[in-house]
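# Tertiary structure, described
The lines below spell out each chain.
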Amino acid sequence: MEYRVLGSTGFSVSVLGFGCMSLDSTAKEEGLRLIEEAIAAGINFFDTADLYEKGENEKLVGQALKPYRKHIFLATKAGNQWRADGSGWDWNPRRDYILSCAEQSLKRLGTDYIDLYQLHGGTIEDDIDDTIDAFETLKQQGKIREYGISSIRPNVIGEYVNRSSIESVMLQYSLLDRRPEETVLPLLEEHHKGVLVRGALAQGLLINKPAKEYLGHNVRDVQHLQQALKELTSSYPPQQMALQYVLQRPAVTSVVAGVRTSGQLKELLAAVKPVEPADLQQLSAVLLPLVYGQHR
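The shown structure was predicted, so the numbers you read here are calculated from the model rather than taken from an experiment.

### Here we look at the side chain of serine 150
Structurally, serine 150 can be placed in strand β9 (residues 144-150). On the basis of relative accessible area, serine 150 is assigned to the buried category, the value being 10%. Excluding residues within four positions of it along the chain, serine 150 makes contact with Lys77, Leu119, His120, Gly121 and Met170.

Structural data, given as structure tokens:
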């Protein structure tokens, strides 16, 4: 397993991160077993959120990681508040709410500290300084080691880079969603912020799912890229090409992938092996990259 230092934290995390959202708390034993397999394979970065299963996901993750706590890098998120009737959630990035969420996450995770605490979203209309103050307070109290944001909005990312001491940004990035390449990745690389990639497989379209419209790409565009991946399968599985495409970027620290089964975990572990740069360059020429149309 390859490890990369996240931002300026000094912490080395596995290039394959375990996205815990896919775990089902009702299948507890299977989830515990899967996390143990991941740790045995060298994965030391686990990402969850208080939103997932209304906190039940954090409980499962906390129990699974308890024996290994000192050896893993644990991340969770806050900022989405469930409504009292459970019908959905609302955005709440206010300082007091973030502080209370951290206390609850610590209890559910069964830990004294969170390695990376992330804002689970963000808009330019937020009182950003109020939100930053919450994370800085938690850091001073020793309840979190570092903090970051999970956002795809360039204007929001830019504000946090300029006004806070975030160490990471989690964003969607793939061969079918190259919007971060225009301005966001260069900005984060310049300021030594770690990028945590989600959606690297583009909802399975880069592996085996039938072509469909995806963001600004029509069905024909997606089919064209799928065919290019297929032509390279004699050398590498599509999954390997998809993951390595995003991992080749210097700003990218880790790809966070959802894992539901042991078989998926094995496929992902095999996909973090390097490929020839020329093949990645060939894939990048198949489609024109998209750019962000909003929140610039």
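### Brief notes about the nonpolar core
Inside soluble globular proteins, nonpolar side chains tend to come together where they are buried. With 85 residues, the main nonpolar core has Phe18, Phe46, Tyr117, Leu176, Leu225 and Leu243 as its most contacted residues. Among the elements that line this core, the one with the most residues is helix α3 (residues 95-109), at seven residues.

### Brief notes about the environment of serine 151
Residue placement: serine 151 occurs in the loop between β9 and α5 (154-163). Placed 19 residues apart in sequence, serine 151 and methionine 170 show a C-alpha to C-alpha distance of 6.2 Å. If we skip the residues at most four places from it in the chain, serine 151 touches Gly121, Val156, Ile157, Val169, Met170 and Leu171. Separated by 3.1 Å, the side chain of serine 151 and the backbone nitrogen of arginine 153 make a polar contact.

### A word on the pairing of strand β8 (residues 114-119)
Among the six residues of β8, six are classified as buried, and the element is accordingly described as predominantly covered. Here β8 pairs with β9 via five bridges, running parallel. Paired with leucine 119 across the strands is isoleucine 149, a residue of β9. As a crossover connection, the stretch from β8 through helix α4 (residues 128-140) into β9 is right-handed.

### Here's the deal with the environment of glutamate 167
Position of glutamate 167 among the secondary structure elements: in the loop between α5 and β10 (168-172). For glutamate 167, a relative accessible area of 10% puts it in the buried group. When the C-alpha atoms of glutamate 167 and leucine 187 are compared, they prove to be 13 Å apart, with 20 residues separating the residues in sequence. In contact with glutamate 167, other than residues within four places in its own chain, are Leu6, Gly7, Ser8, Thr9, Glu146, Tyr147, His192, Lys193 and Gly194.

### Here's the deal with the environment of leucine 60
Within the fold, leucine 60 resides in helix α2 (residues 56-65). Once the C-alpha coordinates of leucine 60 and glutamine 203 are considered, the two residues, 143 residues apart in sequence, prove to be 25 Å apart. Beyond its immediate sequence surroundings of up to four residues, leucine 60 is in contact with Leu23, Asp24, Ser25, Lys28 and Leu32.

### Re the pairing of strand β3 (residues 16-19)
Of the two faces of β3, the one lined by Leu16 and Phe18 and the one lined by Gly17 and Gly19 are each fully buried. Strand direction decides the pairing type here: β3 and strand β12 (residues 252-258), joined by four bridges, are parallel. The residue of β12 that forms the bridge with glycine 17 is valine 256. Following the backbone out of β3, through helix α1 (residues 28-40) and into the adjacent parallel strand β4 (residues 45-47), one traces a crossover that is right-handed.

The rules behind the values
Residues numbered from 1 in each chain as written. Predicted model: local features only at pLDDT ≥ 70, side-chain atom pairs only at ≥ 80, totals over all residues. Heavy atoms only, no water. Helix = DSSP H or I, 4+ residues; strand = E, 2+ residues; numbered from the N terminus. Buried < 20%, exposed > 50% of the residue type's maximum accessible area, 1.4 Å probe, protein only. Contact = heavy atoms within 4.5 Å. Core = buried A, V, L, I, M, F, W, Y, C linked by side-chain atoms within 4.5 Å. Polar contact = N/O pair within 3.5 Å; in protein donor to acceptor, adjacent residues only side chain to side chain. Pairing = 2+ DSSP bridges. Right-handed = clockwise from strand over helix to strand, strands pointing away.

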